[in-house]
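Observations on the three-dimensional arrangement
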Amino acid sequence: MAASKLSSEPNTDIPDYEYTDVNTKPFYIESFRNEWLKRLKPSDVSFQEEDEDTFDDNFAREMRVDAETMAEVKSICSLDSLRCHPEDQQPDDTIVPEDATLNTLIQRKERQDYKATLKTGKNRHDLYADELERITVGRKPKTMTDMIAEGEIILTINVYYPAVIEKFRSVRPHMTVRMIGSHSLAELKDAICCVSDLQVCGEFSNTPDMAPDFISKDHFKSAFFFFEGVFYNDMRFPECQDISTTTIEWAKARNFPPYSQAKMEDTRFADLRVKVGFPYLYCHQGDCEHLVIITDVRLAHKNDCLDKKLYPLLTHKHRLITQKCAVCHVFIGRWFTTNDQFAPSDPCLYCDKCFRMLHYDAQGNKLGDFQAYPYVDRGAFN
């Protein structure tokens, strides 16, 4: 966290800890950006690559070393000096020497030995956990019009599962997304993937082919974010309602501090007053509530993904075990039934293929008396 020593009065535009290592005091993101730009040289925020000679000169000047020492440092720290195998031989990077003395290698060996004791094989989710972020590091746009502006703010935001089930109360973030300061809150809302947006309301045993036409997010578009006493409502569509009014009236009747309202589509991240590390609220579908935590606010640098079209940039997504069909145990469940004479349990989960084979004849006529409801698995976004 940055701290100001320019005056005895604290600068509220520079974030300081409210609770150490937990969250900061509130500050305006745009003002924080401006404070950084006042203190940095244009070259510090430039995306232009320095040539090797310029880099060496600047490094030597900052480290206060002469040319001879700089040449020695380059020789000792070169990649060739770190190579422990012939140049024409590609080593097996999965093998750790038994007599390793480097702490990182010792810990890697311990991790390998531990994984070898597990009965499960390699988890593809673990293998590709950081793939989303890795493939975008240093990515440049095809045209300069899509280039992020130098000095732009980048925010890292964690969005958590709704705490409706005990197992999700202390789980890792459902998704981590990066936004730029010029993005609106509505763009964050559109980037959030939640299974409740895909729920299909109603009983469809008589008309199973109609189910896809009734997705919740197409019918119930109202939502809001809550940051520092302000409800930011989504009012982009005629059917949107201000669902924060009920909470504001309830708080007013109980002498809580007054809350204000704004439109999320008109509010940029740069306009927000927030605390880094503090849990805020995103509410949609009436009562589906997610914690939203801004974990980082910084200036963009040349190693970031600089293609504006790729933002909001998803860098992590938590993966869940999917619920399989109770009949074939192969495909993900798409339907659950009640009062079902063909089911081994009540309710019972089916994939689409098993559901139709067991409950409808060749002409698509319903067999038996049962109720069927579309099911959207929490692992749909894996």
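Here the structure is a predicted model, which is why all the values come from computation and not from measurement.

**A look at the overall build of the chain**
Counting its regular elements, the chain contains 11 helices and 15 strands. Computed over C-alpha atoms, the radius of gyration of the chain comes to 27 Å, more than 25% over the 21 Å expected from 2.2 N^0.38 for 382 residues, which places it beyond the range of a compact globule. Look at the contacts in the chain between residues 6 or more apart in sequence, and 64% of them connect residues 24 or more apart. Here the chain displays about 24300 Å² of accessible surface, and carbon together with sulfur accounts for 52% of that area.

**Side note on the sheet that holds strand β15 (residues 371-374)**
Sheet architecture is open: 3 strands sit in the order β14-β13-β15, paired in antiparallel fashion. Since the sheet does not close on itself, it has two edges, and those belong to β14 (348-350) and β15, each with one partner. Within this sheet the neighbouring strands show an average axis-to-axis angle of 30°, counted without direction. Bridge count for strand β13 (residues 335-338) against β15 is 4 bridges, and the pairing is antiparallel. Looking at β15, one finds that Thr338 is bridged to Gln371. Against the sheet, helix α11 (residues 352-359) touches β13, β14 and β15, its axis set at about 110° to β14.

**Quick notes on the side chain of His284**
In this structure, His284 sits in strand β10 (residues 279-284). Reaching out from His284, the side chain makes a polar contact with the side chain of His290 at a distance of 3.1 Å. Ignoring any residue separated from it by four or fewer positions in sequence, one finds His284 in contact with Cys194, Ser196, Asp197, Ser222, Ala223 and His290.

**With respect to the nonpolar core**
Counting residues in hydrophobic clusters, the biggest one holds 31 residues, and the most contacted among them are Ile157, Phe225, Phe227 and Val297. For this core, the secondary structure elements donating two or more residues are α1 (29-39), β4 (153-159), β5 (175-180), α8 (185-191), β6 (223-227), β7 (230-233), β10 and β11 (288-299). Apart from residues no more than four positions distant in its own chain, Phe225 is found in contact with Leu185, Leu188, Lys189, Ile192, Val230, Phe231, Tyr232, Met264, Leu281, Tyr282 and Val292. With 13 residues, the next largest nonpolar core counts Val200, Trp335, Cys348 and Cys354 among its residues.

Cut-offs used in this document
- Residues numbered from 1 in each chain as written.
- Predicted model: local features only at pLDDT ≥ 70, side-chain atom pairs only at ≥ 80, totals over all residues.
- Heavy atoms only, no water.
- Helix = DSSP H or I, 4+ residues; strand = E, 2+ residues; numbered from the N terminus.
- Rg over C-alpha atoms; globule rule 2.2 N^0.38 Å.
- Contact = heavy atoms within 4.5 Å.
- Areas by Shrake-Rupley, 256 points an atom, 1.4 Å probe, with all protein chains shown as cover.
- Pairing = 2+ DSSP bridges.
- Axes fitted to C-alpha atoms, helices over the stretch in contact; angles between N-to-C directions.
- Polar contact = N/O pair within 3.5 Å; in protein donor to acceptor, adjacent residues only side chain to side chain.
- Core = buried A, V, L, I, M, F, W, Y, C linked by side-chain atoms within 4.5 Å.
- Buried < 20%, exposed > 50% of the residue type's maximum accessible area, 1.4 Å probe, protein only.

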